[in-house]
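Examining the three-dimensional arrangement
Spelled out, the chains give:
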Amino acid sequence: MPSSVVKKHSMAKGRKLILITVLPVMGALVLLCVFIGVLFMCDKRSRVGDVERRDSDGWLSISMLDGKTLYRDILNATKEFDAKFCIGQGGHGSVYKVNLPSLGNIAVKRLHSSFENTPPKSFLNEVRALTGIKHRNIVNLYGYCSKAQHSLLVYEYVERGSLSSILSNEVESKKLDWFKRVNIIKGVAFALSYMHQDCSPPIVHRDISSSNVLLDSRYEAHVVDFGIAKLLKPDSSNFTALAGTYGYVAPELAYTMMVTEMCDVYSFGVLALEIIKGKHLGEYITALANLSTIDHEQLSDLLDERIPYPEEEVKDVLVFIIKLASSCLLEAPKSRPTMHFISHRLSSMDARPPTHVKRAL
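The rules we used
- Residues numbered from 1 in each chain as written.
- Predicted model: local features only at pLDDT ≥ 70, side-chain atom pairs only at ≥ 80, totals over all residues.
- Heavy atoms only, no water.
- Salt bridge = Lys/Arg side-chain N within 4 Å of Asp/Glu carboxyl O.
- Helix = DSSP H or I, 4+ residues; strand = E, 2+ residues; numbered from the N terminus.
- Buried < 20%, exposed > 50% of the residue type's maximum accessible area, 1.4 Å probe, protein only.
- UniProt positions renumbered as here; feature names shortened; annotations may be inferred.
- Contact = heavy atoms within 4.5 Å.
- Core = buried A, V, L, I, M, F, W, Y, C linked by side-chain atoms within 4.5 Å.
- Pairing = 2+ DSSP bridges.
- Phe/Tyr/Trp six-rings, centres within 6.5 Å; stacked < 30°, edge-to-face > 60°.
- Lys NZ or Arg CZ within 6 Å of the ring centre and 35° of its normal.
- Axes fitted to C-alpha atoms, helices over the stretch in contact; angles between N-to-C directions.
- Parallel < 35°, antiparallel > 145°, perpendicular 65-115°, else oblique.
- Nonpolar A, V, L, I, M, F, W, Y, C, P; charged D, E, K, R; others polar.
- Lys, Arg positive; Asp, Glu negative; His and termini not counted.
- Polar contact = N/O pair within 3.5 Å; in protein donor to acceptor, adjacent residues only side chain to side chain.
- Expected span 1.5 Å × (residues − 1).

- The name given to the chain in an unreviewed UniProt entry is non-specific serine/threonine protein kinase, and the organism recorded there is Solanum tuberosum.

Right, dumping it as structure tokens:
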């Protein structure tokens, strides 16, 4: 037999041996990858929470907790939403303080009737995504549950309540010294920067106001209703009401319904000035867009007179924040700074109380 024929025969035999050896190994690897992928998806779904439907009793939930048990416990704890448990009213629903043995205090938002019974699929999908968001300046959303006439959003409870209620209270507002107010402004900025920059896709709050900022026992800011205004928009007849709170809404929304991160930036500017003044500045807001200089008289007009005039070092910080906030009020959205830029500038700014003040806090 010619050597060339023998050589070809040997090569064909070698290829066959390689195929016999390699193909099963590759097949096993593919099956292993598929198996790992399935396990990962199942684990992810179990951690985030699935939509559970019980047609027999009309029950539905998206929660990191046992939604059905949670729903039943909430109804029992509030005596079917007795008014004495209600701690606030909002554009989307009423908020109740609920104490449960398993969780302690939680806040439950009972959605208005227009959002009950059959939530749109987009709403359910996005609530599922939002339950996974964690940030020290954002109130945790534990989940959503619904049965019959009640649709509920379940949040962590934040002790001191809304910034709006504190600023409007003559006694409580005096406890918000300049250091606490600067820290609150920073906290809101960090929360919005996280939502705009670090979430995928970015989350636009749409309703930043003093009513949607809660303060804990240490006066740290926690943004609430993040993304919920956006979630509730689909198929809703309350489009205008859900676009934001009067006095905080960006001017471009008067002629376009397109909401971007720059709408939140405008609202942040209004809120920052409100925190410094101690109340909403009303129509005066339009005159403050992009202040380049602030004299002593202007500064006095912009400060809350219920607390002592700031010392020089703190005054410089407040002037810096006022100028930064005023740049958020520019009419052209593209001319406003991003929340990422704002949070970076604020984080580099030092405004800490002296040692003797720290001991008193």
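Description of the pattern of salt bridges
- With the rule as written, the count across this model stands at nine salt bridges.
- With a closest N to O distance of 3.4 Å, K315 and E312 form a salt bridge. Taken together, the positions of K315 and E312, both in helix α11 (residues 312-327) and three residues apart, correspond to about one turn of that helix.
- For E312, a relative accessible area of 51% puts it in the exposed group.

A look at the UniProt feature "binding site: ATP" (unreviewed entry) in the chain
- As recorded in UniProt, the feature "binding site: ATP" (unreviewed entry) lies at K109.
- When you line up the elements, K109 lands in strand β5 (residues 104-111).
- Other than its neighbours up to four places away in sequence, K109 contacts H92, G93, S94, V95, S151, L152, L153, Y155 and D225.

Looking at the nonpolar core
- Among the nonpolar cores identified, the biggest contains 78 residues, and L163, L215, F268, I342 and L346 are the most heavily contacted of them.
- Here F268 is in contact with I185, V188, A189, L192, I208, C328, M339, I342 and L346, once residues within four sequence places are set aside.

Quick word on the pairing of strand β6 (residues 141-147)
- Counting buried positions along β6 gives five out of seven residues, so the element sits mostly inside the fold.
- Across six bridges, β6 lies against strand β7 (residues 150-156) in antiparallel orientation. Residue K147 lies in a different strand from β7, and its bridge partner there is H150.

Details of the packing of aromatic side chains
- Scanning the entire structure with this criterion turns up one aromatic pair.
- Positioned over the ring face of Y219 is K180, at 5.1 Å from the centre of the ring.
- Over the ring of W178 we find R181, and its NZ or CZ is 5.6 Å from the ring centre.

Some points on the packing of helix α6 (residues 178-198) against helix α9 (residues 261-277)
- Their axes nearest at 10 Å, the elements α6 and α9 cross at an angle of 175 degrees. With respect to their mutual orientation, α6 and α9 come out roughly antiparallel. Packed against α6, whose contacting residues are W178, R181, I184, I185, V188, A189, L192 and H196, the element α9 presents E261, D264, F268, L271, A272, I275 and I276 at the interface.
- Classifying every residue of the contact of α6 with α9 gives 11 nonpolar, one polar and three charged.

What to know about the side chain of E274
- One can find E274 in helix α9.
- Buried charged residue E274 carries no salt bridge. Nearest counter-charge: R306, at 8.7 Å.
- In this structure the side chain of E274 is engaged in a polar contact, spanning 2.5 Å, whose partner is the side chain of Y248.
- Those residues within four positions of E274 in sequence are excluded, and the remaining contacts are L167, S210, Y248, K279 and H280.

Description of the packing of α11 against helix α12 (residues 339-347)
- Contact geometry of α11 with α12 gives a least axis separation of 12 Å together with a crossing angle of 175 degrees. Classified by the interaxial angle, the pair formed by α11 and α12 is roughly antiparallel. Side by side, α11 and α12 meet where F320, I321 and L324 of the first sit next to F341, I342, R345 and L346 of the second.

Considerations on α11
- The end-to-end C-alpha distance of α11 is 23 Å, a good match for the 22 Å that 16 residues give at a rise of 1.5 Å each.
- Buried within α11 we find V314, K315, V317, L318, V319, I321, I322, L324, A325, S326 and S327.
- Tucked inside the fold, the buried residues of α11 contact α6, α9, α10 (296-302) and α12.

Considerations on the environment of L163
- If you trace the backbone, L163 turns up in helix α4 (residues 163-167).
- Among the residues examined, L163 registers a relative accessible area of 0% and is labelled buried.
- Separated by 56 residues in the primary sequence, L163 and Y219 place their C-alpha atoms 9.4 Å from one another.

Some details on the side chain of E252
- Tracing the backbone through its elements, the reader meets E252 in the loop between α8 (239-242) and α9.
- The class for E252 is buried, based on a relative accessible area of 5%.
- Here the side chain of E252 touches R336 through a polar contact of 2.7 Å, side chain to side chain.
- Those residues in contact with E252 that sit more than four places away from it in its chain are M262, C263, E331, P333 and R336.

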